Amino acid sequence: MQRQGAGGAEDVTILAIESSCDETAAAVVRNGREVLSNIIASQIDLHTIYGGVVPEIASRKHIEKIDQVIAEALRAADKTLRDMDAVAVTYGPGLVGALLVGVSAAKAISFASGIPLIGVHHIEGHISANYIENKELEPPFVCLVVSGGHSHLVIVRDYGEYEILGRTRDDAAGEAFDKVARAIGLGYPGGPKIDKVSREGDPEAIKFPRAKVADAVYDFSFSGLKSAVLNYLNSCEMKGIPVCQADVAASFQKAVVDVLVEHSMMAVENSGLRKFAIAGGVASNSALRKAFEGVCAQRGITFYHPSPVMCTDNAAMIGAAAYYEYRNGVRHDYDLNAVPNLKLGEEYPKEGHFLQ
Ligand code: KG4
Ligand code: ZN
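Fair warning: this is a prediction, and the values are worked out from it, not measured in the lab. Residue positions within a chain follow its written sequence, with the count starting from 1. Just so you know, chain letters begin at A and ligand numbers begin at 1, following the order they were written in. The predicted origin of the model limits local features to residues at a pLDDT of at least 70 and limits the giving and counting of side-chain atom pairs to 80 or more, whereas totals for whole chains, interfaces and linings rest on all residues. With hydrogens and water stripped out, all remaining heavy atoms of the structure feed into the side-chain values.

Q: Before we move on, can you summarise the pattern of salt bridges with the specific residues and values?
A: A pairing counts as a salt bridge when a side-chain nitrogen of Lys or Arg comes within 4 Å of a carboxyl oxygen of Asp or Glu. Going through the model one piece at a time under the given rule, you end up with 16 salt bridges. Between aspartate 258 and arginine 210 there is a salt bridge, with the nearest N and O atoms lying 2.7 Å from each other. Taken together, the positions of aspartate 258 in helix α8 (residues 245–271) and arginine 210 in the loop between α6 (190–198) and α7 (223–239) put the pair 48 residues apart, joining distant regions of the chain. The buried label applies to any residue whose accessible area, calculated with a 1.4 Å probe on protein chains only, is under 20% of its type's maximum; exposed applies above 50%, and partly exposed to all values in between. Note on aspartate 258: relative accessible area 26%, which makes it partly exposed. Given the relative accessible area of 23%, arginine 210 is considered partly exposed. Taken together, the shared-partner salt bridges in this structure form one network comprising Asp171, Glu175, Lys179 and Lys226. Secondary structure elements are taken from DSSP: a helix is a run of H or I of four residues or more, a strand is a run of E of two residues or more, and numbering for both begins at the N terminus.

Given below as structure tokens:
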């Protein structure tokens, strides 16, 4: 990776690519905040029959779709590669085979067209989704990132500068939603389904635990909650008590929301900042949004969130993050590789990043 002089004041248009999990996505974004196109080819239907994402199938499907999705993104933006100032791509974290498809496509485009290559951290992309629909949002702010693979509480000190306050010790919030959904017979993907059936249920019906991590007040732990739901289901079955799916879903969801709200508000108050944002697939959860809207209004904290389509995986958020990396002078070389376990705030290349 190289750093060049900061970009000037002229417009910067970026072609962004995202393929870290089960969405093949490409977008054209101007100046980090204006989305000219945002194309997403979801593979959810393919993975549903297996009850979760099958990495091999995901990689293969990305290969089939990537050229078409990129062409469609350029066409929908009424642009060609010649109009692009850079090509950006998610290079981690995520599924290695899936990431490699996007990284290879971006490197090929950069090499063939001569435009610079920018590797983007997937979580930085999720956080940056907030810039697209909240034009006035600038760092510093506190952000809760809750997705299928991650649960992080972060202070965004500046563009590209993150301080991680807490993270999950076991399951990510979205993973807990997916596992509980499967256990109560809702299927994959669980988050949106639990969100929907919870509206018919009583969130106070069953008292599930609100886990705390003794030595790290901002950390999360969701596997205990998941086990408590499984134990509840087992004991109902053994006693022959009928299970109310909507009550279990609503009570589980309430337990997750309570913990996320409590930890986030503690972080905001202790940071002294008055701006709070949420990001990632779980950030589209309606009960979570409602809870944050209420508590932030009460405390005089400005609450930001992306619209649901910008919460789940997309390439527009990668284009938003890439713009600030571009302005910071970040350019990657053709040795850029997929880094499945990339940590937020790490620079590439670093020892241990290369795939053997
Ligand atoms: O950010 P994302 O699209 O992919 C990752 O980077 O992981 O997040 C996907 C996760 C899945 O676990 C999905 O169940 C969850 O986000 N999710 C939701 C909702 N919509 C998606 N969880 C709760 N409520 C929702 N409405
Ligand atoms: Zn994601």
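From this point on, the discussion continues.
Q: Quick one: what's the story with the pairing of strand β2 (residues 13–18), residue by residue and with numbers?
A: Across the 6 residues of β2, 6 count as buried, placing the element largely inside the fold. Here β2 shows two buried faces, one formed by Thr13, Leu15 and Ile17 and the other by Ile14, Ala16 and Glu18. Examined bridge by bridge, β2 and strand β3 (residues 23–30) share 6 bridges and lie antiparallel to one another. Each residue of the ladder has a partner; that of glutamate 18, found in β3, is alanine 25. Following β2, the chain reverses through 4 residues before pairing antiparallel with β3. Only strands that DSSP links by at least two bridges are regarded as paired with each other.

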